Amino acid sequence: PEESTNLSAGIVFTPMDSLIISLDAYRIEVDDRIGISQQFTVTQEDIDALPDLAIVGPGGTVQYFTNGFDTKTEGVDLVGTYEFGVGPGRLLATLAYNYNKSTVPSFDPLVITPARIVDIVHYAPNDRVNLSLDYEWDRIGVLLRGNYYGSFRNEQDYPGQLFSSKTTVDTEFSYQVTDQIIASIGGRNIFD
């Protein structure tokens, strides 16, 4: 089986009324991750040694799942929230930043390709930032959220291509019809 070691630590600050700041750091090591092996061409000698391979036949190919590589992921999450009055309602502002980095410290080249290693290291953006403004007044709610995603790569599907960072905007309008029912409409990435 794969084995993992997870270490994390966090702290919460409240430097002033209505302002909360949290900082979390983590490190996740996964040893003996399961991957699919390269393709092996079956020979008659293989069938003689393992008769079950007769169904594949000479010249056919087989792959198998096996432990093939280790990964290490380290990151930090920094989140600040501040709530204050604006006009007749309340505004909750949240700013969140995440930094995340993965590496492949050891691997079996028969199980994992260099392209797959690039994807593990760069498939998810290393940086992500979200700014949310959530306004509530009586039964009405308005949410506006900006999202920033750092650059990333997908080496297996798009070799050599670096996808640039992107910013998106989401919004949602809601109305509390009853104490148990809220009607909402919104959109994600509304400018693209």
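In this text, all values refer to a predicted model and were calculated from it rather than measured experimentally. (Residues numbered from 1 in each chain as written. Predicted model: local features only at pLDDT ≥ 70, side-chain atom pairs only at ≥ 80, totals over all residues. Heavy atoms only, no water.)

Peer 1: Got a minute to help me understand the overall build of the protein in this structure?
Peer 2: When helices and strands are tallied, the protein shows 2 helices and 12 strands. Relative to its length of 192 residues, the protein is extended, with a C-alpha radius of gyration of 25 Å against a globular reference of 16 Å. Overall, the protein is about 80 × 35 × 35 Å in size when its C-alpha atoms are taken along their principal axes. The contacts of the protein with a sequence gap of at least 6 include a subset with a gap of at least 24, amounting to 56%. For the protein, the accessible surface area stands at approximately 12900 Å², while carbon and sulfur atoms represent 57% of it. In the protein, which carries 12 positive and 27 negative side-chain charges, the distance between the mean positions of the two groups comes to 8 Å. (Helix = DSSP H or I, 4+ residues; strand = E, 2+ residues; numbered from the N terminus. Rg over C-alpha atoms; globule rule 2.2 N^0.38 Å. Contact = heavy atoms within 4.5 Å. Areas by Shrake-Rupley, 256 points an atom, 1.4 Å probe, with all protein chains shown as cover. Lys, Arg positive; Asp, Glu negative; His and termini not counted. Charge placed at Lys NZ, Arg CZ, Asp CG, Glu CD.)

Peer 1: Would you mind going over the environment of Pro88 with me for this structure?
Peer 2: Among the structural elements, Pro88 can be located in the loop between β5 (65–86) and β6 (89–107). Pro88 sits in the exposed class, given a relative accessible area of 62%. (Buried < 20%, exposed > 50% of the residue type's maximum accessible area, 1.4 Å probe, protein only.)

Peer 1: Explanation requested: the packing of aromatic side chains in the structure shown.
Peer 2: Any pair of aromatic rings gets described here by the distance separating the centres and the angle formed by the planes. On inspection of all chains with the given rule, the structure shows 4 aromatic pairs. On the numbers, 4.9 Å between centres and 10° between planes, the contact of Phe152 with Phe163 is stacked. Placement of Phe152 in strand β9 (residues 152–153) and of Phe163 in strand β10 (residues 162–163) is noted, with a sequence separation of 11 residues between them. Classification of Phe152 by relative accessible area gives partly exposed; the value is 28%. The class for Phe163 is partly exposed, based on a relative accessible area of 21%. (Phe/Tyr/Trp six-rings, centres within 6.5 Å; stacked < 30°, edge-to-face > 60°.)

Peer 1: Teacher, can you tell me more about the sheet that holds strand β12 (residues 182–187) here?
Peer 2: Sheet strands pair via backbone hydrogen bonds, and the direction of the pair is either parallel or antiparallel. The sheet built from 8 strands is open, its strands ordered β1-β2-β5-β6-β7-β8-β11-β12 with antiparallel pairing. The sheet terminates laterally at β1 (3–16) and β12, the two strands that pair on one side only. The mean inter-strand angle of the sheet, taken between neighbouring strand axes irrespective of direction, is 15°. In this sheet, β5 lies alongside strand β2 (residues 19–36) in antiparallel orientation, the contact comprising 16 bridges. Residue pairing in the sheet places Ala25 in a bridge with Val76 of β5. The strands that helix α2 (residues 114–122) touches are β5 and β6; relative to β6, the one it contacts most, it runs at about 155°. (Pairing = 2+ DSSP bridges. Axes fitted to C-alpha atoms, helices over the stretch in contact; angles between N-to-C directions.)

Peer 1: I keep staring at the environment of Ser18 and nothing clicks. Help me out?
Peer 2: Its location among the elements puts Ser18 in the loop between β1 and β2. With a relative accessible area of 39%, Ser18 lands in the partly exposed category. In the structure, Ser18 is positioned 66 residues away from Phe84 in sequence and 7.2 Å away in space, judged by C-alpha atoms. Excluding residues within four positions of it along the chain, Ser18 makes contact with Thr81, Tyr82 and Glu83.

Peer 1: Teacher, can you tell me more about the pattern of salt bridges here?
Peer 2: Taken as a whole and judged by the stated rule, the model has 5 salt bridges. A salt bridge links Glu29 to Arg27, with the shortest nitrogen-to-oxygen separation between them at 2.9 Å. Glu83 serves as the salt-bridge partner of Arg90, at 3.5 Å between the closest nitrogen and oxygen. Classification of Glu83 by relative accessible area gives partly exposed; the value is 36%. Among the charged side chains, a network of salt bridges with common partners joins Arg27, Glu29 and Glu74. (Salt bridge = Lys/Arg side-chain N within 4 Å of Asp/Glu carboxyl O.)

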